[in-house]
Amino acid sequence: MEIFLNPRWIYIGFIIIYVTANYSCTSSREENLKNEIEDVLKTCVIELPEGVETDFFSMNYVLVDSAFFDISICHKIIEPCQKQLLGCKYQCETKGKFILQYDWSNEKVISLTKSCGNFCVDNYYYSVDENGQLRMPYIAQNILAQDTVENIILELTVSQDTIVVVDVVDKVILAETDLKDLIEVIDISESFNLIELKKGTAVLNYESKEGGIKQVKLNWK
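Residues numbered from 1 in each chain as written. Predicted model: local features only at pLDDT ≥ 70, side-chain atom pairs only at ≥ 80, totals over all residues. Heavy atoms only, no water.

### Describing the packing of aromatic side chains
A full pass over the atoms with the stated rule returns 3 aromatic pairs. Ring centres of Tyr61 and Phe69 lie 6.0 Å apart, and the angle between their planes is 85 degrees; this geometry places the pair in the edge-to-face category. In terms of burial, Tyr61 and Phe69 fall into one category: buried. With a centroid separation of 6.2 Å and an interplanar angle of 55 degrees, the aromatic rings of Trp104 and Tyr125 are classed as tilted. Pair noted here: Trp104 is in strand E5 (residues 101-105) and Tyr125 is in strand E7 (residues 120-127), with a separation of 21 residues, a long-range link. By way of ring pairs, the aromatic residues Tyr61, Phe69 and Tyr90 are connected into one cluster. (Phe/Tyr/Trp six-rings, centres within 6.5 Å; stacked < 30°, edge-to-face > 60°. Buried < 20%, exposed > 50% of the residue type's maximum accessible area, 1.4 Å probe, protein only. Helix = DSSP H or I, 4+ residues; strand = E, 2+ residues; numbered from the N terminus.)

### Quick notes on unusual backbone geometry
In the Ramachandran plot, Lys89 falls in the positive-phi region, its phi being about 50 degrees despite a non-glycine side chain. Even without glycine at this site, Lys171 takes up a positive phi of about 55 degrees. Structurally, the position occupied by Lys171 is in the loop between strand E11 (162-167) and strand E12 (172-178).

### Here's the deal with the environment of Leu86
Position of Leu86 relative to the elements: it lies in the loop between strand E3 (84-85) and strand E4 (90-91). For Leu86, a relative accessible area of 18% puts it in the buried group. Setting aside its immediate chain neighbours within four residues, Leu86 contacts Asp70, Ile71, Ile73, Leu100, Leu112, Tyr126 and Leu134. (Contact = heavy atoms within 4.5 Å.)

### Details of the pairing of strand E2 (residues 68-75)
Every other side chain in a regular strand lies on the same face of the sheet, so the side chains alternate between the two faces. Of all 8 residues that make up E2, 7 are buried, and the element is covered over most of its length. Two elements, strand E1 (residues 57-63) and E2, share 7 bridges in a ladder whose sense is antiparallel. Bridging across to E2, Ser58 finds its partner in Cys74. Connecting E1 to the next strand, E2, in antiparallel fashion are 4 residues. Bridge count between E2 and E4: 2 bridges; the pairing is antiparallel. Within E4, the residue paired with Phe68 across the bridge is Gln91. Looking at chain direction, E2 and E3 are connected through 2 bridges and run antiparallel. Along E3, the bridge assignment pairs Ile73 with Gln84. (Pairing = 2+ DSSP bridges.)

Here it is as structure tokens:
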């Protein structure tokens, strides 16, 4: 009886109880964490957008840890094809419309889009260097028209008073046109289709609210 009343044995007993309880709690936490990770993995399974496999690029969503995923892009013409993460780190619960998704591509550019709210779309134009690595994107929001062959876009500035013509590969503004000179012709709420783009001239078709297709020509020096 005296052995059990010995302070040393009482102390050892407390240690045994503490270790046993702590191990039990740790095991329980690890099991719960494992179940949570499995749930997250199920949540992170994302349906790939149509057209992510092209002649030039491949694009995939990749789980980077237990709670976040990223977008992987690879230029398929450059060998070996090394996948490059964009560094987006989307949460698994992120709604699909806010995730960068495939738009179009050619051998020089891959265009991705992301909804940024009602009536708002961000356009990300990633060009590639000679080693097949993605450069920092040119980001635009108010796109009037795109030339997917020459990699040129017509963009309405944030102030909505100027149209700029941009080479998205080199991120160079080729021209600027004051919108007030065209305001009687163009309704900026309409959708435009670029039908011709030459040096100093862009011809666009657009559907008028009054009905029918109308045409406008932009000239710059």
